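Topology and contacts: notes
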Amino acid sequence: MSRWAVLPAELDPRVRQLVVRLRRLKDHSGLSLRQLAARTGYSPKSWERYLGGRSLPPPQAVEALARIGGEDPTRWLALREVAAEAWGNGRGEAPAADALTLEAAMPEATTTAPEILTAGAGAAAEAPAGGARSPTRSLRVALVAGAVALVLAVSSTVLLAVRLFGAAGETAAPLTASAASAPASSSQSAPTYACRVERIDGRWYAGISPTRGAVLANGHAGPEVAEAQCLLRRAGISPGGIDGIFGPLTEAAVRRAQQRAGLVVDGIIGPHTWKALRR
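Residues numbered from 1 in each chain as written. Predicted model: local features only at pLDDT ≥ 70, side-chain atom pairs only at ≥ 80, totals over all residues. Heavy atoms only, no water.

Some points on the overall build of the protein chain
A count of helices and strands for the protein chain gives 13 helices and 2 strands. Within the protein chain, buried positions represent 42% of all 279 residues. Sequence separation of 24 or more characterises 56% of the internal contacts of the protein chain that already satisfy a separation of 6 or more. (Helix = DSSP H or I, 4+ residues; strand = E, 2+ residues; numbered from the N terminus. Buried < 20%, exposed > 50% of the residue type's maximum accessible area, 1.4 Å probe, protein only. Contact = heavy atoms within 4.5 Å.)

Below, the structure written as C-alpha cells:
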C-alpha cells in the first residue's frame, strides 16, 4: 500500500472524501502512478496532483480509475460533482472558472497525458510537446471557460440528483448553509434520535440505519450520522448529542475510534470505519 502524504488541512471535507476514496481505489488496483497513467491517459504528475488534493481530477480520470477498480462509475462521478461544488466555492485561491481545467474539458488521447491548463483570464495555452504553439489554443481556452460557466449554472440540478443518490444509502446529504446556521431555538430544530443498541449476527446496530458503506464526513446529516453517533457512544467515545449532524465533536470522536482500531485517521466514516464500529 502507498505511503500517502498528509492532505492539506484547508481542504474541504467533500474534496477530502473524494481524494481519500480515490487513493484507496488506486491502492486496491495495485498499479503504480506510471502504470495508472498508461491505463488512463493522464500523466503521472497529473495523478500526483489529483491524489495529493492539489488539483480536482476531471470526470474522465475519475471514471477511468473507477473502471480499473471494477467499480460503478456513476457513483464515483456523483462524488466528484459534490467535490467540484466545494472546490469552486470553498477555495479562495482557486476561482470557480479556474477549478475546472482545460484538461478536464478536452483530455488529449496520447500516451503522455496533458498537464493542467487553467482557464483564468490571461492564461497562456501550454505548447505541444514539440514546442510549437497552436494558433487556435487561446480560442479553445476561452471556449472552455464559457463551457465551465454553463456547467456551474446547472450545478444545482446535479446536486439534487446527488442528494437523491445519497438518500438510497450510498452517501449522506450535506447540510445546507441555512440549516447549518439556524439557531438552536429555531422552530425547525434538528431531529433527535434514540439509540436502541443491540447485537445482531455478531454486529452492533443502533436501530436507526443498517448501512455499512455510507460515506460520512463533517457537514453531513441524517439517520446514518445518528447511527454512527450511537455506535461511537456504545464504544465509550462521546460524539456529543445524538442529533444526526456530523459536526466537530462527531469528527473528533470518529478520529479517536479510527486511531483505536488502527485505521487511517481522516475523520471520514467509510466501510472500514463502519466495520470497526459494528464489531
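A look at the layout of surface pockets
Approximately 860 Å³ is the volume found for the largest pocket. What lines the largest pocket is a set of 28 residues, and nearest its centre among them are Val20, Arg23, Arg24, Val264 and Asp266. Secondary structure elements with two or more residues in the lining of the largest pocket: helix H1 (13–29), helix H5 (73–90), helix H12 (248–261) and helix H13 (271–278). Examining the composition of the lining of the largest pocket, we find that 8 residues originate from one element, H1, more than from any other. Considering only residue class, the lining of the largest pocket consists of 12 nonpolar, 7 polar and 9 charged. (1 Å grid on protein atoms, 1.4 Å probe; cavity = no way out; pocket = protein on both sides within 12 Å on 5 of 7 lines; lining within 4 Å. Points joined across faces, edges and corners; volume = space filled by probe spheres on them. Nonpolar A, V, L, I, M, F, W, Y, C, P; charged D, E, K, R; others polar.)

Re the nonpolar core
By size, the foremost hydrophobic cluster in this structure holds 25 residues, and its most contacted members are Val15, Leu18, Leu22, Trp47, Leu56, Leu65 and Trp76. Put simply, the parts of the chain that give this core at least two residues each are H1, helix H3 (44–51), helix H4 (59–68) and H5. Ranked by size, the runner-up nonpolar core spans 14 residues in total, among them Val225, Ala228, Ala257 and Ile269. (Core = buried A, V, L, I, M, F, W, Y, C linked by side-chain atoms within 4.5 Å.)

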